[in-house]
Amino acid sequence: MLAAEEENPLVPPIPELVIGALAFVIVFGLLAWKLLPNINKVLDERREAIEGGMEKAEAARTEADSVLEQYKAQLAEARHEAARLRSEAQEQGATLIAEMRAEGQRQREEIIAAGHAQIEADRKAAATTLRQDVGRLATELAGKLVGESLEDHARQSRTIDRFLDELDAKAEAAR
């Protein structure tokens, strides 16, 4: 029974322990020799990719900030240009309105002057026609009163003109 007590199932025999330790060292050495460099290489590549991605992201962010500043500057310039164009358009509109008003005023004055000239011409034509009609009627009436024809046109014209000139002079003096 002593032999049964000596063998503890939890403690392996020494040769197995030595073989297990030797196998562990061989497997560990192979893994360290073959697998560890590959693992380190993959980890280094990942670290470089992450750092490169961060650098690229930082560069992209810097570029985006630069583009944003350019965009803001262009937008401010476009707004300034739009305000300048709007101001110029308002000035041109005001100038055009003033020119059109002046042109309208000039045309109105021309129309009024032409109207006055036409009225004056019509008045003179009416006065001439009236003078002739009054002279003819006066001659006919005088001829009927006298009983003879007063057909001498030259004398008749002079008499009528003298009479009407006297009437015009009296009318001018009355004004």
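Residues numbered from 1 in each chain as written. Predicted model: local features only at pLDDT ≥ 70, side-chain atom pairs only at ≥ 80, totals over all residues. Heavy atoms only, no water.

**Q** Explanation requested: the pattern of salt bridges in the structure shown.
**A** A side chain of one charge can pair with a side chain of the opposite charge when the charged atoms of the two come close. Applying the stated criterion to the full structure yields 9 salt bridges. Across the pair Arg61 and Asp65 runs a salt bridge whose closest N-O atoms are separated by 3.1 Å. Here the residue Arg61 and the residue Asp65 both occupy positions in helix α2 (residues 14-146), the gap between them amounting to 4 residues, near one helical turn. The exposure class of Arg61 is partly exposed, given its relative accessible area of 44%. Here Arg84 ties to Glu88 by a salt bridge, and the two come within 2.3 Å at their closest N and O atoms. Of the two residues, Arg84 and Glu88 both sit in helix α2, 4 residues apart, roughly one turn of that helix. Note on Glu88: relative accessible area 32%, which makes it partly exposed. (Salt bridge = Lys/Arg side-chain N within 4 Å of Asp/Glu carboxyl O. Helix = DSSP H or I, 4+ residues; strand = E, 2+ residues; numbered from the N terminus. Buried < 20%, exposed > 50% of the residue type's maximum accessible area, 1.4 Å probe, protein only.)

**Q** How do you make sense of a negative patch on the surface when you look at a structure like this?
**A** A contiguous patch of negative charge on the surface is contributed by Glu45, Glu48, Glu51 and Glu55. Under the relative-accessibility criterion, Glu55 is labelled exposed at 58%. (Patch = residues over 30% accessible without salt bridge, like charges linked within 9 Å, V, L, I, M, F, W, Y side chains within 5 Å. Areas by Shrake-Rupley, 256 points an atom, 1.4 Å probe, with all protein chains shown as cover. Lys, Arg positive; Asp, Glu negative; His and termini not counted. Charge placed at Lys NZ, Arg CZ, Asp CG, Glu CD.)

**Q** Please explain the packing of aromatic side chains as it appears in this structure.
**A** Each aromatic ring pair is summarised here by two numbers: the centre-to-centre distance and the angle between the ring planes. Within this structure, the stated rule accounts for 1 aromatic pair. Both rings, one in Phe24 and one in Phe28, keep their centres 6.0 Å apart while their planes meet at 20 degrees; by these two values the pair is stacked. Placement of both Phe24 and Phe28 in helix α2 is noted, with a separation of 4 residues, approximately one turn of the helix. Overall, the relative accessible area of 56% leaves Phe24 in the exposed class. If you follow Lys34 out to its NZ or CZ, it ends over the ring of Trp33, 5.2 Å from the centre. (Phe/Tyr/Trp six-rings, centres within 6.5 Å; stacked < 30°, edge-to-face > 60°. Lys NZ or Arg CZ within 6 Å of the ring centre and 35° of its normal.)

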